[in-house]
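These are the residues of each chain, in order.
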Amino acid sequence: MPRPISATIDLGALRHNLGVAQRHAPRSRVFAVIKANAYGHGLMRAARAMAGASGFALLELEAALQLRQAGFRQPILLLEGFFDVRELSALVEHRMAAVVHNHDQLQMLRELAPGAGLDVMLKINTGMNRLGFAPADCPAAIEALRSNPGVGSITLMTHFANADDARGVAWQMEAFERVARGTGLACSLANSAAILRYPATHFDWVRPGIMLYGCSPFSERIGAEFDLKPAMTLASELIGMQQLKRGDVVGYGGVFTAEKDMRIGVVACGYADGYPRHAPNGTPVAVDGRLTGTVGRVSMDMLCVDLSGVPDAHAGSQVVLWGAGNPIEKVAAAAGTVGYELMCALAPRVPVIEQP
Ligand SMILES: *Cc1c(COP(=O)(O)O)cnc(C)c1O
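Residues numbered from 1 in each chain as written. Predicted model: local features only at pLDDT ≥ 70, side-chain atom pairs only at ≥ 80, totals over all residues. Heavy atoms only, no water.

Q: Is there a simple way to explain the site of the ligand in this structure?
A: Taken together, the neighbourhood of the ligand is formed by 13 residues, with K35, Y39, S192, I210 and Y340 sitting nearest. Between the ligand and S192 there is a distance of 2.5 Å, counted from an oxygen atom to a side-chain nitrogen or oxygen. Bound to the protein, the ligand loses 92% of the 390 Å² it would expose on its own. When grouped by side-chain class, the residues that make up the shell around the ligand number seven nonpolar, four polar and two charged. (Near = heavy atom within 4 Å. Polar contact = N/O pair within 3.5 Å; in protein donor to acceptor, adjacent residues only side chain to side chain. Areas by Shrake-Rupley, 256 points an atom, 1.4 Å probe, with all protein chains shown as cover. Nonpolar A, V, L, I, M, F, W, Y, C, P; charged D, E, K, R; others polar.)

Q: Teacher, can you tell me more about the packing of aromatic side chains here?
A: Counted according to the given criterion, the structure contains six aromatic pairs. Centre to centre, the rings of Y275 and W322 are 6.2 Å apart; their planes meet at 15 degrees, and the pair counts as stacked. Here Y275, found in the loop between β13 (262–267) and β14 (284–287), pairs with W322, found in strand β17 (residues 318–322); they are 47 residues apart in sequence, far enough to count as distant. Residue class for Y275 comes out buried when judged on its relative accessible area of 1%. Three or more aromatic residues joined by ring pairs make a cluster, and in this case those are Y39, Y213 and Y340. One residue, R167, lies across the ring of W171, its end atom 3.5 Å from the ring centre. The ring of F218 carries R197 above its face, with NZ or CZ at 3.7 Å from the centroid. (Phe/Tyr/Trp six-rings, centres within 6.5 Å; stacked < 30°, edge-to-face > 60°. Helix = DSSP H or I, 4+ residues; strand = E, 2+ residues; numbered from the N terminus. Buried < 20%, exposed > 50% of the residue type's maximum accessible area, 1.4 Å probe, protein only. Lys NZ or Arg CZ within 6 Å of the ring centre and 35° of its normal.)

Q: How should I be thinking about the pairing of β17 in this particular structure?
A: If a strand is regular, its side chains alternate between the two faces of the sheet. Along β17, four of the five residues are buried, which leaves the element largely enclosed by surrounding structure. Looking at chain direction, strand β10 (residues 232–244) and β17 are connected through four bridges and run antiparallel. Among the inter-strand pairings, E237 is bridged to a residue of β17, identified as Q318. As defined by bridge partners, β14 adjoins β17 across two bridges and the pair is classed as antiparallel. Counterpart to V287 in the pairing with β17 is V319. (Pairing = 2+ DSSP bridges.)

Q: Sorry if this is basic, but what is going on with the domain arrangement of the chain here?
A: The parts lose accessible area when they come together, and the size of an interface is often stated as this lost area. As far as domains go, the chain holds domain 1 (11–215) and domain 2 (232–355). Inter-centroid distance (C-alpha atoms) of domain 1 to domain 2 is 37 Å. Taken together, the 11 residues of domain 1 in the interface contact 11 residues of domain 2. Between domain 1 and domain 2, the buried area comes to about 950 Å², and carbon and sulfur atoms account for 66% of it. Counting across the domain 1 and domain 2 interface gives one salt bridge. For R45, the salt bridge identified is with E354, shortest N-O distance 2.7 Å. Here domain 1 and domain 2 share two residue pairs in polar contact (both at pLDDT 80 or more) between them. Within the residue set of the side of domain 1 that touches domain 2, elements represented by two or more residues are α1 (11–24) and α2 (35–39). Taken together, the residues of the side of domain 1 that touches domain 2 break down into six nonpolar, four polar and one charged. (Domains from an automatic or database assignment. Contact = heavy atoms within 4.5 Å. Buried area = accessible area lost by both parts, 1.4 Å probe. Salt bridge = Lys/Arg side-chain N within 4 Å of Asp/Glu carboxyl O.)

Q: In this structure, what is going on with the side chain of S6? I would like to understand it.
A: Mapping S6 onto the fold places it in strand β1 (residues 6–10). Beyond its immediate sequence surroundings of up to four residues, S6 is in contact with T233, L234, A235, V350, P351 and I353.

Q: Honestly, the environment of L307 in this entry has me stumped. Any pointers?
A: With respect to the helices, strands and loops of the structure, L307 is situated in the loop between β16 (303–306) and β17. Along the chain, L307 and L78 lie 229 residues apart, while their C-alpha atoms are 47 Å from each other. Sequence-distant contacts of L307, that is, excluding residues within four places in its chain, are made with L238, M241, R263, I264, G265, V287 and A313.

Spelled out as structure tokens, the structure:
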């Protein structure tokens, strides 16, 4: 028997969640965002499950080429564009679309052969201050792209910093629309949070990521509230039990002290599997379908759970660290992070089971 930990990737959930995104933005085309190994779900696996997407968006040219080699023909958008002028020929040959977010890239584009037809997305910095042209520089950048005979279609894009929280998107929308007005160019703005919360941001292309994996982009909501289904379930088993007496402590540093006699279980899952080490006592864990919490510090290969409310638990009991039956949003909130980080952190040593 192998070590009992596994991550189940539910392909039907990925398909379903793509459908939810499409229904929320019925007049837009969808770039399914599959960066970071499809948020830990596996690049090719996720792309196959979401083959119905109008396009895919990711970071690495290598990964994009893998998609082409596997036969995907839809637009593939490189979210940080290209990093070196030598990449341009591959972009053109394989019909990749590139984000253009700085003047260096604009310069490099002058090396394109006339008629190359490279599709570009001009990224506008509307206030997030990460990537993108300042609004004041956009008219010149648009003109440079329009007059470049190697450039194909031009789309304007921006990215929201607060679509998931109270500050919202209006302040960035204003800046975007000042640039876009009168250009007649296609537009792409919405991430998952904006797709779910702000229909006015949808325009021509939406860019859902986290929602495709069944996780809510909002800290105070879970995916099920939007009809999203968790695509990743990290599961393991109890491989040991301990009977504690009042005053006993658990694990490295003894950060949990039993306030009463109690039973705990030892789970075959630790931070080397991708479980967050900083998860405090009480981080939710489901044991045989019953929600309980962690006790003591998470170690490399193991963590411990309170079995006070699960009297029938035994060695071999099923444990869900996150996913079906234990929403990843709640685990993330308890651990002071977001579902995005937990999914992406899934370690290569965890065997993956595909559920069709
Ligand atoms: C990652 C990313 C997205 C997807 O964001 P989610 O919050 O996961 O929906 C969209 N657009 C850009 C530019 C991104 O980098």
